[in-house]
Amino acid sequence: MINKSNQDEIQKYLSDASNYHGSCQSVYFPENANDVSSILKEANAKKILVTVAGGGTGLTGACVPQDGIVISTEKMNKIIEVNETEKFAITEPGVILSDLLRIISEKNLLYPPDPTEKKCFIGGTVATNASGEKTFKYGPTRDYVLELEIVLPTGELLNLKRNEQAAELYSLDLHTAGGKRISVEIPEYQMPDTKNASGYFCKRNMDAIDLFVGSEGTLGVITKIKLKILPAPEKIISCLVFFNQEKNALAFVRQARNISFDTRLRNDLRTIDALALEYFDEQALKFLSEDYQQIPGDAKAAVWFEQEVTHSNEESFFDNWINLIRKFNGDEESAWFAVTDADKIKLQEFRHAISLKVNEFISKNNFRKLGTDVAVPDLNFEELYYYSKNVVEQTGLDYVIYGHFGNSHMHLNMLPKNNTEFENGKLLYKNICLKAIELKGTISAEHGIGKMKRELLLAMYGEENIKKMMSLKKQFDPNLILNKGNLFYESLL
Ligand SMILES: Cc1cc2nc3c(=O)[nH]c(=O)nc-3n(C[C@H](O)[C@H](O)[C@H](O)COP(=O)(O)OP(=O)(O)OC[C@H]3O[C@@H](n4cnc5c(N)ncnc54)[C@H](O)[C@@H]3O)c2cc1C
């Protein structure tokens, strides 16, 4: 097994896309679960800290080590099976999402939870319960995880299958492959009724697999994953429509969301059922206008939507959407409609460009990312949106807002130009997260907590619940060696 300790060679493992920086002594590149197990057994015996690294595209410093060693999963990159008949895929954790998506789409299948950044690893997406634009219709990664093979921090192997190991009320008994029994008490906190990637998934009678999905590598190293896949839709129409009034764009999203929910409830295949509903505010459009000169100068907002269609119903869906665009005074003339695959890719690149450009800006100026990942129940969303916009405008900081508004999920990214602005931005960021908590939402809907939002997770769930999460971790990781610094401050224990 390769192990690198030359600091020049391991720099890329010392930060992630959030520009959070750390340090470590060496990086290990295991090739299978046995390798992972021997690294962890030794580290556990010697109480050496271990951090797991996926693709390093995370936005919270979660894969960034604070000391000790890093386990990179990049050599565990085999797609073991794609079963077209039974609709599942089995992969190792280091498979790059774009590679899996390519193979799946060649077989006319769909794996829906695809984050905007497709260089992430499948293991990373499971560890963070990642979401993508299609999450509006198809839910987050959690909904697609059927089985996991996990190496626990003690080196023992745990195999989990959905629907086979569940908690009894809040007590969960698990058995490792070697026969060791692990009993945990699930904390009884109420999770927000939103898309959520904040802290452990905890629910009465929950499936054990859900505890590990989204646990940010704090409970074990995922070494094999079985995912549910779906048949690909016959066709997808995709459109970016500009609005010259922000309130109309927000109302358009609200109405498209409500119609989509209603369509699903009635299982009616003839009316609007958005696959994706994404929003860009005026600042985001201005930020992108250098690269996309086709953006109308007077645009105050834009919405990107996608809709699955068939060749026979495509036209009627098209008419339905046009009617909705007209109802909210969207600019039909300047809208970008994508029908061919090439056009669709261009629209996806446009959506990706905003996240990339923000990350480039913060890296260039050497600040950490200050981008919210908040979501609230739909009814409270506009209150959160206007609150956030007002407070950021009062400070005079440059910012952009975009995100998965179908899921009432907002990324407000601050673009500080100097340290004073960065410090102001930090306070603002915190206030927006506290507002989301007040509105019964989450501080992280998809990126997770990592090392950058621990204080806010504490604000969201309270000290007593955080301590319960930590006791749960201790059942799997008695020496607290794995992914130190993610989710909570060890000083609380
Ligand atoms: C431009 C851009 C756009 C993005 N858009 C989205 C988006 O739309 N939706 C979204 O959800 N996220 C998005 N992200 C964030 C990021 O891509 C996701 O969080 C992704 O899931 C991280 O995967 P990764 O492999 O890069 O993980 P890493 O960053 O390497 O690690 C993330 C966490 O997972 C843990 N981990 C990784 N592999 C394993 C394993 N095998 N076992 C146990 N723990 C493991 C790490 O220890 C760490 O805690 C975006 C990022 C960028 C840069």
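Of the positions making up helix 8 (residues 282-289), those classed as buried are Gln283, Ala284, Leu285 and Phe287. As for helix 8, its buried residues are in contact with strand 15 (274-281), strand 16 (301-309), helix 10 (341-364) and strand 19 (399-403).

Of all residues adjacent to the ligand, which total 38 residues, the nearest are Gly54, Gly58, Gly123, Gly124 and Gly217. Contributing elements (two or more residues each) for the shell around the ligand: strand 3 (50-53), helix 4 (122-128), strand 12 (221-228) and helix 10. Examining the composition of the shell around the ligand, we find that five residues originate from one element, helix 4, more than from any other. Among the residues forming the shell around the ligand, the class breakdown is 15 nonpolar, 19 polar and four charged.

Interface size is often expressed as the accessible area that is lost when the parts come together. With domains assigned, the protein is organised as domain 1 (2-72), domain 2 (79-231) and domain 3 (235-438). With centres defined by C-alpha atoms, the gap from domain 2 to domain 3 works out at 27 Å. With ten residues of domain 2 at the interface, the matching set in domain 3 holds 17 residues. Across the side of domain 2 that touches domain 3, the residue classes break down as one nonpolar, three polar and six charged.

On to the sheet that holds strand 2 (residues 26-29), then. Ordered by their spatial adjacency, four strands build an open sheet running 1-2-4-3, and the pairing between neighbours is mixed. Pairing within the sheet leaves two strands with one partner each, and these edge strands are strand 1 (2-4) and strand 3. Between one strand axis and the next, the sheet turns by 25° as a mean value, whatever way the strands run. Two strands pair when backbone bridges link them, and strand 1 and strand 2 are joined in this way by three bridges, in the antiparallel orientation. Among the inter-strand pairings, asparagine 3 is bridged to a residue of strand 2, identified as tyrosine 28. Against the sheet, helix 2 (residues 33-46) touches strand 2, strand 3 and strand 4 (69-72), its axis set at about 165° to strand 4.

Calculation rules
Residues numbered from 1 in each chain as written. Predicted model: local features only at pLDDT ≥ 70, side-chain atom pairs only at ≥ 80, totals over all residues. Buried ≥ 20, exposed ≤ 12 C-beta atoms within 10 Å, placed from the backbone. Helix = DSSP H or I, 4+ residues; strand = E, 2+ residues; numbered from the N terminus. Contact = placed C-beta atoms within 7 Å. Near = placed C-beta within 6 Å. Nonpolar A, V, L, I, M, F, W, Y, C, P; charged D, E, K, R; others polar. Domains from an automatic or database assignment. Pairing = 2+ DSSP bridges. Axes fitted to C-alpha atoms, helices over the stretch in contact; angles between N-to-C directions.

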